[in-house]
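Each chain is listed here by its residues.
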Amino acid sequence: MTTTTTAPICPECEEPIQIGESVRLNEILECAGCRNELEVVVLSPLVLARAPEVEDDWGE
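These numbers come from a predicted model, not from an experiment.

Asks: Help me out: how do you make sense of the pattern of salt bridges in this one?
Replies: Two side chains with opposite charge may pair up if their charged atoms get near one another. Under the counting rule described, the total for this entry stands at two salt bridges. Between R50 and E12 there is a salt bridge, with the nearest N and O atoms lying 3.8 Å from each other. Placement of R50 in strand 3 (residues 47–50) and of E12 in the segment before strand 1 (28–30) is noted, with a sequence separation of 38 residues between them. E12 sits in the partly exposed class, given a relative accessible area of 42%.

Asks: In this structure, what is going on with the sheet that holds strand 3? I would like to understand it.
Replies: Within a sheet, adjacent strands bond to each other through the backbone by hydrogen bonds, running parallel or antiparallel. The three strands are arranged 1-2-3 in an open sheet whose pairing can be described as antiparallel. The strands lining the two open edges of the sheet, one partner per strand, are strand 1 and strand 3. The sheet shows a mean angle of 45 degrees between the axes of neighbouring strands, direction not considered. Sheet topology places strand 2 (residues 37–42) next to strand 3; four bridges connect them, and they run antiparallel. Its bridge partner being in strand 3, E39 is matched across the sheet by A49.

Asks: What should I look at first to understand the nonpolar core in this one?
Replies: Side chains that are nonpolar tend, in soluble globular proteins, to be buried together. Residues C10, I17, L29, C31, L38, V40 and L48 constitute the largest nonpolar core, which totals seven residues. The residues touching C10, leaving out its near neighbours within four places in the chain, are E15, I17, C31, C34 and L38.

Asks: Can you help me understand a nonpolar patch on the surface in this one?
Replies: Among the surface-exposed residues, V41, V42 and V47 lie close enough to one another that they form a single nonpolar patch of about 180 Å² accessible area. Take V47: its relative accessible area is 34%, and that puts it in the partly exposed class.

Asks: Mind showing me how you'd approach the pairing of strand 2 here?
Replies: As judged from the three bridges shared by strand 1 and strand 2, these two strands associate in the antiparallel manner. Its bridge partner lying in strand 2, L29 is registered against L38. In sequence, strand 1 turns back onto strand 2 through a hairpin of six residues, with R35 there showing a positive phi of about 65 degrees. In this antiparallel pair of consecutive strands, strand 2 and strand 3, the connection spans four residues.

Asks: Could you clarify how one ought to interpret the side chain of N36 in this entry?
Replies: Within the secondary structure, N36 sits in the loop between strand 1 and strand 2. Overall, the relative accessible area of 16% leaves N36 in the buried class. A polar contact of 2.9 Å, which involves the side chain of N36, links it to the side chain of R50. In contact with N36, not counting residues within four places along its chain, are E12, L29, E30, C31 and R50.

About the criteria used
- Residues take numbers from 1 onward in each chain, read along the sequence in its written order.
- pLDDT decides what is reported in this predicted model: residues at 70 or higher carry local features, side-chain atom pairs at 80 or more are listed and counted, and totals for whole chains, interfaces and linings draw on all residues regardless.
- Remark: hydrogens and water are excluded; side-chain values derive from all non-hydrogen atoms of the structure.
- Any Lys or Arg side-chain nitrogen found within 4 Å of a carboxyl oxygen on Asp or Glu counts as a salt bridge.
- The secondary structure listing takes helices from DSSP runs of H or I that are at least 4 residues long and strands from runs of E that are at least 2 residues long, numbered from the N terminus.
- Residue exposure (1.4 Å probe, protein chains only): buried if accessible area is under 20% of the type maximum, exposed if over 50%, otherwise partly exposed.
- Strands are treated as partners if at least two bridges between them are detected by DSSP.
- Lines fitted to C-alpha atoms define the axes here, with helix axes fitted over just the stretch in contact, and angles between the N-to-C directions of these axes take values from 0 to 180 degrees.
- We define the nonpolar core as a collection of buried residues of types Ala, Val, Leu, Ile, Met, Phe, Trp, Tyr and Cys that are connected through side-chain atoms lying within 4.5 Å of one another.
- Any pair of residues with heavy atoms lying within 4.5 Å of one another is described as a contacting pair.
- Each patch is built from salt-bridge-free residues with over 30% relative accessible area, joining like charges within 9 Å and nonpolar side chains (Val, Leu, Ile, Met, Phe, Trp, Tyr) within 5 Å.
- Using a 1.4 Å probe, accessible areas were evaluated by the Shrake-Rupley method; residue-level cover was limited to the displayed protein chains.
- In the analysis that follows, any N or O atom pair within 3.5 Å is treated as a polar contact, provided that within protein one partner can donate a hydrogen and the other can accept it, and provided that, for residues neighboring in sequence, both atoms belong to side chains.

Right, dumping it as structure tokens:
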């Protein structure tokens with residue numbers, strides 16, 4: 001038997017985001033519609049936010 005779930009929506013372009021069954025907190029996903037990187041900020045219910053930009057001084 002299969003279960004039907006609603007795909008999360010991109011907060012930028014409102015396209016549905018395809019996710020795997022093993023999605024993790026803070027995982028980065030890419031929207032196929034607008035190519036923005038999205039971060040999983042809450043698992044249940046699944047909430048996505050735009051991923052922070054990489055800074056030049058990270059790790060220094």
